[in-house]
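# Chains, contacts and geometry: an overview
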Amino acid sequence: MRRANGEGSVFKMKGNRRRPYVARTTKGKNEKGFQTYNWIGYYATKKEALDALEAYNRKPYDTRATLQEMFNRWSADDLPDLRESSQKIYKSAWKHCATISSMKMAEIHLNDLQAIVAPLNKSVGSSVKVLLSHLFGYAVRHEVITADRYNLVQFVKVSQDRGNMVERRVFTPEEIARVTDPVVLVLLYTGLRASELLNLKAEDIHLAERWLYVREAKTAAGVRVVPIAEKIGPCFDALPGS
């Protein structure tokens, strides 16, 4: 059945996407005469998109929605499209937003946002700020708040305190010359994480060709070929379990 004018549309985006179907409604035209849209969400199937569009037309998003509601909707619509590692970071960051989660999006002020970010170190605070940017951007897309309120997030100041993070630096040649432990030498010359070294199997180490293969890493990008410096070749014979 054809929908009436103004009730929106559903279409499929190009490319290999987990949520390729888009539901949207028409808002009007901008000052240049181009059509503008209200983006309802992204969906895995056409039926899901049509159901969301129908639900929206029955009851558009409530401008009284709370931050918690925005997180729930964003988690259902956008979060699954992110990498698993990013999903974990944002879910963890959300825990720091508990004190303002019940506030209405339209009533959250800069002081409220700053209050939850201020006590956090640089790493965690940055994650919370990016999450808030996602949520406020999602709220703008669904006309829960006006576009100018999205700009609040950019004014949130993140602490420069690095917390318990260790300041990294490059070892000097003199410091490396004093190292005799074979495990430490392998880590120094290959850049492997301790867990990557422990997960190496005999078939992953090719001493004659002077390279090794990291097949178990923290991220997909960490799976790699690593050259073995001639100096540390003998160290592999001294490693535990070799």
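Overview of the structure. (Residues numbered from 1 in each chain as written. Predicted model: local features only at pLDDT ≥ 70, side-chain atom pairs only at ≥ 80, totals over all residues. Heavy atoms only, no water.)

As a further point, take the packing of helix α4 (residues 110–117) against helix α5 (residues 122–141). It is at 9 Å that the axes of α4 and α5 come closest, and there the two elements cross at 145°. Residues L113, I116 and V117 of α4 touch α5, and the partners they reach there are G125, V128, L132 and F136. Taken together, the residues that form the contact of α4 with α5 break down as six nonpolar, one polar and no charged. (Axes fitted to C-alpha atoms, helices over the stretch in contact; angles between N-to-C directions. Helix = DSSP H or I, 4+ residues; strand = E, 2+ residues; numbered from the N terminus. Contact = heavy atoms within 4.5 Å. Nonpolar A, V, L, I, M, F, W, Y, C, P; charged D, E, K, R; others polar.)

Looking now at helix α1 (residues 46–58). Three- or four-residue spacings in an α-helix give side chains the same orientation, since the helix completes a turn every 3.6 residues. Taking 1.5 Å as the rise per residue, α1 with 13 residues should run 18 Å; its terminal C-alpha atoms sit 18 Å apart, in good agreement. Taken together, the buried positions of α1 are A49, A52, L53 and Y56. Viewed along the axis of α1, the buried residues span an arc of 100°, placing them on a single side of the element. Turned more than 90 degrees away from the buried face of α1 sit K47 and R58, all of them exposed. (Expected span 1.5 Å × (residues − 1). Buried < 20%, exposed > 50% of the residue type's maximum accessible area, 1.4 Å probe, protein only. Arc of directions from axis to C-beta.)

Taken as a whole, helix α8 (residues 182–190) has its buried residues at L185, V186 and T190. Buried residues of α8, viewed axially, fall in a sector of 110°; they line one side. Measuring from the side-chain oxygen of the N-cap residue of α8 to the backbone nitrogen of V183 gives 2.8 Å; that N-cap residue is D181. Phi turns positive, to about 75°, at G191, one or two residues after α8. (Polar contact = N/O pair within 3.5 Å; in protein donor to acceptor, adjacent residues only side chain to side chain.)

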